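Descriptive structure summary
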Amino acid sequence: MLISSNHIESHNEDLLKKHQNKLVFTASEINESEAIIKKLIDFQIAIPSWALGTGGTRFGRFAGGGEPRSLEEKIEDVGLLHKLNNASGAISLHIPWDIPQDYKAIRTLAAQHGLKFDAMNSNTFQDQANSEHTYKYGSLQNVNKAVRKQAIAHNIEVIKHGIELGSESLTVWLADGSNFPGQLNFRKAYQNTLESLEEIYDALPSNWKLFLEYKCAEPNFYSTTVADWGQSYSYVQKLGDKAKTLVDLGHHLPNANIEQIVSILLMDNKLGGFHFNDSKYGDDDLTAGALKPYQLFLIFNELVEGMDARGMNHAKDLGWMIDASHNIKDPLEDLLQSVEAIMIAYAQALSVDRKALEKAQEENDVVKAQEILQNAFRTDVRALVAEARLRSGAALNPVELYRSIQVRENLIGERGLKTMATGL
């Protein structure tokens, strides 16, 4: 399905007067509102191919209708999102779920939708149909060198696919670890993993980055080989300048201070990017900002301060991506909500009075520092986010337009009621 400019213009016309009134008030409340809008226009959040279908748990999956059945249809769905919000201008592919049959045709299709290819994702947490060896006891850490070689070769293959598509980064997430004490020699597992990562790193083109993700548990519950940001940092420090740590907001132990982690990694130039989602109990992969919007704001507060301190380009120097999967929501509606929440948190962080906050910190004025942050968080910046969309030709209210023109119903009509996205 294609969303026409006429759909968007008609939708915006109906909401324009109300929006303009809100914008005038918001601009009166926030200094530098024009500069914030310009930054919001430039900011893009990549959509992962696996988030376009209905996810699930080990207890069940309740597939929705009209899910993308191919890489081409996944690109078309991200194109729909980008048309609605003009903030989803990249797609992140997962290999082997998304292997292109024709690189040129896939690049052309993506360009038609205004999309680029973000980080490529490898998969050594599942056995593939034609694999000679199993990853039951790990991949890059495996005691069997042949298994490690197979996992290394797969990652190098992913890099080659990415080169053909114009991607410039590889994300490595490992399910490696152990479920029982004594099952694994921690030191040897670390050494095997590092040696494997070194081979993958050596295969990176000069302009590429390797993002090493971490996770405290699941599917291994006694130990994971890249369990936290410190272990990821240890690996990427040894690998080299092109290796960075990737932060998934759901991959931490309860009550971890993610904003402090982000600040330290950014200070040491080892923060690669983000997988945005929200959680209450574990790696819930819920809509970004649905449960902990203040935490999301605090993370962006550290990001804005740290990136500005290093003179970084907010839109280009870190990897911004959603990582979510749901079994009760329309995936496209959920992604629209996540992008909105991320943009709001970013706008709130941009509105923080940095000079006043620094002064309060230098004077140990704890109350004033708290007031500055909470006032920024409690200020409604939605009009600024909507104005950024309006100026870039997108919808003032993407979810409302999505529903009014019955996007999901049209996708079901085109693809059928019983479809399943590849990889799920």
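First, a word on scope: everything that follows refers to the structure included in this document. Computed from a predicted structure; not experimentally measured.

Some words on a negative patch on the surface
The grouping of Glu-9, Glu-13, Asp-14 and Glu-400 at the surface amounts to a negative patch. In terms of residue count, the dominant contributor to the negative patch is helix α1 (residues 5-29) (three residues). With respect to the secondary-structure elements, Glu-13 resides in helix α1.

Focus on unusual backbone geometry
Each neighbour pair has its own omega, and for Ile-95 with Pro-96 the value is 20°, a cis peptide bond. Going from Glu-218 to Pro-219, the amide bond is cis rather than trans, its omega being 5°. You can see Pro-219 is positioned in the loop between β9 (209-213) and β10 (223-224). Positive phi is not limited to glycine here, since Asp-285 has a value of about 55°. Phi is positive for Gln-406, close to 55°, though the residue is something other than glycine. The partly exposed category is assigned to Gln-406, whose relative accessible area is 44%.

Section: the side chain of His-154
By secondary structure assignment, the location of His-154 is in helix α5 (residues 145-165). In this structure, His-154 is in contact with Ile-95, Pro-96, Ser-122, Asn-123 and Thr-124, ignoring residues within four places of it in sequence.

Here we look at the pairing of β9
The buried fraction of β9 amounts to four of the five residues, a majority that puts the element mostly inside the structure. Relative to β9, strand β7 (residues 169-172) runs parallel, the two sharing four bridges. Each bridged residue has a counterpart across the sheet, and for Thr-171 the counterpart in β9 is Phe-211. With four bridges joining them, β9 and strand β11 (residues 243-248) adopt parallel strand pairing.

Some details on the sheet that holds strand β1 (residues 47-48)
Judged by pairing direction, the sheet is parallel, and its three strands sit side by side in the order β1-β4-β5 without closing on themselves. Taken across any chain shown, the strands that pair with only one partner, and hence form the sheet edges, are β1 and β5 (116-117). As defined by bridge partners, β1 adjoins strand β4 (residues 90-92) across two bridges and the pair is classed as parallel. Opposite Pro-48, over in β4, you have Ser-92 as the bridge partner. Across the sheet, helix α3 (residues 71-85) lies against β1, β4 and β5, angled at about 140° from β4, the strand it touches most.

Here's the deal with the sheet that holds strand β13 (residues 319-322)
Here we have six strands laid out as an open sheet, ordered β6-β7-β9-β11-β12-β13, and parallel in their pairing. Edge positions in the open sheet fall to β6 (120-121) and β13, since each of these has one partner strand only. Helix-sheet contacts for helix α6 (residues 186-202) involve β7, β9 and β11, and the interaxial angle to β9 is about 150°. Helix-sheet contacts for helix α7 (residues 229-239) involve β9 and β11, and the interaxial angle to β11 is about 160°.

A word on the packing of α3 against helix α15 (residues 407-415)
Running from N to C, α3 and α15 cross one another at 165°; their axes reach a closest spacing of 13 Å. The pairing of α3 with α15 is recorded here as roughly antiparallel in orientation. Note that α3 runs across α15; the crossing there is right-handed. Of the residues in α15, those touching α3 at Glu-73, Glu-76, Asp-77 and Leu-80 are Val-407, Leu-411 and Arg-415. For the contact of α3 with α15, the class distribution of residues is three nonpolar, no polar and four charged.

Comments concerning α15
When we look at burial in α15, the residues that qualify are Val-407, Arg-408, Leu-411 and Arg-415. The buried residues of α15 occupy one face: seen down the axis, they fall within an arc of 95°.

A closer look at the pattern of salt bridges
Under the definition given, this model contains 17 salt bridges. The partner of Glu-218 in a salt bridge is Lys-215, with the nearest N and O atoms 2.7 Å apart. Looking at Glu-218, the relative accessible area reads 36%, which means it is partly exposed. Put simply, Glu-333 and Arg-403 hold a salt bridge, and the shortest N to O gap is 2.7 Å. With a gap of 70 residues between them, Glu-333 in helix α10 (residues 331-350) and Arg-403 in helix α14 (residues 398-404) connect regions that are remote in the sequence. A residue is classified by how much of its surface remains accessible, and Arg-403, at 55% relative accessible area, is exposed. Each member of the salt-bridge network shares a partner with another, and the members are Arg-69, Glu-73, Glu-76, Asp-77 and Arg-415.

Overview of the packing of helix α11 (residues 354-362) against helix α12 (residues 366-378)
Where α11 contacts α12, the axes come no closer than 8 Å and their chain directions differ by 155°. In this view, α11 runs roughly antiparallel relative to α12, as classed from their interaxial angle. The way α11 lies across α12 gives a crossing that is left-handed. Along its contact with α11, which presents Ala-356, Leu-357 and Ala-360, the element α12 presents Lys-368, Ala-369, Ile-372 and Leu-373. Residue composition of the contact of α11 with α12, by class: six nonpolar, no polar and one charged.

Reading the values: the criteria
Residues numbered from 1 in each chain as written. Predicted model: local features only at pLDDT ≥ 70, side-chain atom pairs only at ≥ 80, totals over all residues. Heavy atoms only, no water. Patch = residues over 30% accessible without salt bridge, like charges linked within 9 Å, V, L, I, M, F, W, Y side chains within 5 Å. Areas by Shrake-Rupley, 256 points an atom, 1.4 Å probe, with all protein chains shown as cover. Salt bridge = Lys/Arg side-chain N within 4 Å of Asp/Glu carboxyl O. Lys, Arg positive; Asp, Glu negative; His and termini not counted. Charge placed at Lys NZ, Arg CZ, Asp CG, Glu CD. Helix = DSSP H or I, 4+ residues; strand = E, 2+ residues; numbered from the N terminus. Buried < 20%, exposed > 50% of the residue type's maximum accessible area, 1.4 Å probe, protein only. Contact = heavy atoms within 4.5 Å. Pairing = 2+ DSSP bridges. Axes fitted to C-alpha atoms, helices over the stretch in contact; angles between N-to-C directions. Parallel < 35°, antiparallel > 145°, perpendicular 65-115°, else oblique. Left-handed = near helix turned anticlockwise from the far one by under 90°. Nonpolar A, V, L, I, M, F, W, Y, C, P; charged D, E, K, R; others polar. Arc of directions from axis to C-beta.

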